[in-house]
Amino acid sequence: MNYKDFVGQVQHRLEYAQFGQAVRATRAVLTTLGERLQEGEATDLASPLPMEIDRYLTEAEHGQRFDYQEFLDRVAERGGGDRADANYQAQQVVALVAEVVPSGNVEKADAQLPEDFDPLFELLEADAE
């Protein structure tokens, strides 16, 4: 999947009128996720993604420790919404990432995160059922 296809999918899933809104949401979610993950997991998750997108994960300051509420606050701040918007954006972006990235890489990232991050992967579990 190339950059335009990926962001177009985000735009479609989040029902945004403008491409730029989808870019901002993608950057907000993946940069914040990259901050929370250890560098190895962020790199594994990023490697199959388009180059313009993988850098959000790989260039973040890795290994920070914060809970899911702080994750949502950071996504909301970067993406220009509230916590509910941030949660929805994050779930949709992670679900799309999971379609592009091998499942083992997603599972490793999920396993590294505390239990309170489970809502981030809710759409993946719903798809698996």
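## Looking at the overall build of the protein
Part 1: Looking only at helices and strands, the protein has 8 helices and 0 strands in total.
Part 2: Across the protein, helices and strands are ordered from the amino to the carboxyl terminus as α-α-α-α-α-α-α-α.
Part 3: Here the C-alpha atoms of the protein give a radius of gyration of 13 Å, agreeing with the 14 Å that 2.2 N^0.38 yields for 129 residues.
Part 4: Principal axes of the C-alpha set define a box for the protein whose edges measure 35 × 35 × 30 Å.
Part 5: Residues classed as buried in the protein amount to 44% of the 129 residues present.
Part 6: Within the protein, counting contacts between residues at least 6 apart in sequence, those at least 24 apart form 71% of the total.
Part 7: Across the protein, the mean location of the 11 positive side-chain charges is 7 Å away from that of the 26 negative side-chain charges.

## Structural notes on unusual backbone geometry
Part 1: Positive phi is not limited to glycine here, since E15 has a value of about 55°.
Part 2: Mapped onto the elements, E15 comes out in the loop between α1 (3-14) and α2 (19-36).
Part 3: Classification of E15 as exposed rests on a relative accessible area of 71%.

## With respect to the environment of P50
Part 1: Within the secondary structure layout, P50 lies in the loop between α3 (39-46) and α4 (51-58).
Part 2: With relative accessibility at 8%, the residue P50 sits in the buried group.
Part 3: In this structure P50 touches M1, N2, Y3 and F6, once residues within four positions along its chain are discounted.

## With respect to the packing of α3 against α4
Part 1: Contact geometry for α3 and α4: axes closest at 8 Å, N-to-C directions at 165°. Judged on the interaxial angle alone, α4 and α3 are roughly antiparallel. Here the hand of the crossing between α3 and α4 comes out right-handed. Contacts from A42, T43, L45 and A46 of α3 reach α4 at D54, L57 and T58.
Part 2: Of the residues contributing to the contact of α3 with α4, the split by class is 4 nonpolar, 2 polar and 1 charged.

## Description of the pattern of salt bridges
Part 1: Using the criterion set out here, one finds 6 salt bridges in the structure.
Part 2: Its salt-bridge partner being E99, residue R13 comes within 2.6 Å of it at the nearest N-O pair. Linking R13 in helix α1 with E99 in helix α6 (residues 83-100), this pair joins segments that are 86 residues apart in sequence.
Part 3: Taking relative accessible area as the criterion, R13 reaches 18% and is therefore assigned buried.
Part 4: For E99, a relative accessible area of 51% corresponds to the exposed category.
Part 5: The salt bridge partner of R74 is E35, with a shortest N-O separation of 2.9 Å. Taken as a pair, R74 in helix α5 (residues 68-79) and E35 in helix α2 lie far apart in primary sequence, 39 residues in all.
Part 6: What makes E35 buried here is its relative accessible area of 8%.

## Comments concerning the nonpolar core
Part 1: Of all hydrophobic cores here, the largest spans 38 residues; its most connected members are L30, L33, L45, L49, F71, V97 and L120.
Part 2: With 7 residues, the top contributor of residues to this core is α2.
Part 3: Residues in contact with L120, not counting those within four places in the same chain, are L33, Y68, F71, A90, Q91, V94 and L113.

Procedures and definitions
Residues numbered from 1 in each chain as written. Predicted model: local features only at pLDDT ≥ 70, side-chain atom pairs only at ≥ 80, totals over all residues. Heavy atoms only, no water. Helix = DSSP H or I, 4+ residues; strand = E, 2+ residues; numbered from the N terminus. Rg over C-alpha atoms; globule rule 2.2 N^0.38 Å. Buried < 20%, exposed > 50% of the residue type's maximum accessible area, 1.4 Å probe, protein only. Contact = heavy atoms within 4.5 Å. Lys, Arg positive; Asp, Glu negative; His and termini not counted. Charge placed at Lys NZ, Arg CZ, Asp CG, Glu CD. Axes fitted to C-alpha atoms, helices over the stretch in contact; angles between N-to-C directions. Parallel < 35°, antiparallel > 145°, perpendicular 65-115°, else oblique. Left-handed = near helix turned anticlockwise from the far one by under 90°. Nonpolar A, V, L, I, M, F, W, Y, C, P; charged D, E, K, R; others polar. Salt bridge = Lys/Arg side-chain N within 4 Å of Asp/Glu carboxyl O. Core = buried A, V, L, I, M, F, W, Y, C linked by side-chain atoms within 4.5 Å.

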